[in-house]
Amino acid sequence: MGEEKASGWWRQAACAGSDANWWTDNCPDRSLAVRICLGCPVRKACLADGLANGDNGIIRGGMLLYRTRRRTEAVPLLCAQCRRSPVTCGRTGAGRYCGQRCAAIARSRRAADPPRVGRRPHLW
């Protein structure tokens, strides 16, 4: 980390001094990394730094960051369906669900819901 980060918000981060590999998508215990990140007091500064640096495939500021052709996207770390398990990340970017089961439940719920007037349909 740069000198500026070491003297600023980075010292207060819950992950300060941790192995940098814990925050990548190849984390050996991703659920623990997610819990640590979600409980961090400097999530906002960390997320802003990650977005500014164009981080890819890394957990920063309570989000999973991945790079698209146009910009760095931030995806919530917890599944949009069960809100308990970490999301998955593959070759095409980050997902919104922890696995196939939650994705299928979400699809079936969207199919059962009547379309809302005046609102665009979800594209995911």
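It should be noted that the structure appears before, not after, this text.
The shown structure was predicted, so the numbers you read here are calculated from the model rather than taken from an experiment.

> Tell me about the packing of aromatic side chains, residues and numbers included.
In the structure shown here, the tally under the stated rule is 1 aromatic pair. Between Trp9 and Trp10, the ring centres sit 5.3 Å apart and the planes meet at 80°, which makes this aromatic pair edge-to-face. Judged on exposure class, the residue Trp9 and its partner Trp10 are both buried.

> Outline the pattern of salt bridges, supporting the account with residue identities and numerical values.
As enumerated under the stated definition, the model contains 3 salt bridges in all. Between Glu73 and Arg71 there is a salt bridge, with its nearest N and O atoms 3.1 Å apart. Judged by relative accessible area, which is 47%, Arg71 ranks as partly exposed.

> Describe in detail helix H2 (residues 30–38), supporting the description with residues and values.
All of the buried residues along H2 are Arg30, Ala33, Val34 and Cys37. The arc enclosing the buried residues of H2, seen along the axis, measures out at 100°, which places them on a common side.

> For the side chain of Asp55, give the residues involved together with the corresponding values.
Within the secondary structure, Asp55 is located in the loop between helix H3 (43–53) and strand E1 (58–60). Within the structure, Asp55 has its side chain in polar contact with the side chain of Arg60 (distance 2.5 Å). Beyond its immediate sequence surroundings of up to four residues, Asp55 is in contact with Gly50, Arg60, Leu65, Tyr66, Arg67 and Thr72.

Rules used throughout
The numbering scheme is per chain: residues are counted from 1 as the chain's sequence reads. Side-chain atom pairs in this predicted model are given and counted only at pLDDT of 80 or more, local residue features only at pLDDT of at least 70, and totals for whole chains, interfaces and linings cover all residues. Derived side-chain values reflect all non-hydrogen atoms in the structure, with water molecules and hydrogen atoms excluded from consideration. Stacked, tilted and edge-to-face pairs are distinguished by plane angle, under 30 degrees for stacked and over 60 for edge-to-face with tilted covering the rest, among Phe, Tyr and Trp rings (Trp via its six-membered ring) whose centres lie within 6.5 Å. Remark: exposure states derive from per-residue accessible area (1.4 Å probe, protein chains only) relative to the maximum for the residue type, with buried under 20%, exposed over 50%, and partly exposed in between. Any Lys or Arg side-chain nitrogen located within 4 Å of an Asp or Glu carboxyl oxygen qualifies as a salt bridge. Strands here are runs of E lasting at least two residues and helices are runs of H or I lasting at least four, both read from the DSSP assignment and numbered beginning at the N terminus. Here, the arc refers to the directions that run from the helix axis to the C-beta atoms. Under this definition, polar contacts are N or O atom pairs within 3.5 Å; protein pairs additionally need one hydrogen-donor-capable and one acceptor-capable atom, and for neighbouring residues in sequence, both atoms have to be side-chain atoms. Every residue pair with non-hydrogen atoms within 4.5 Å of one another is taken to be in contact.

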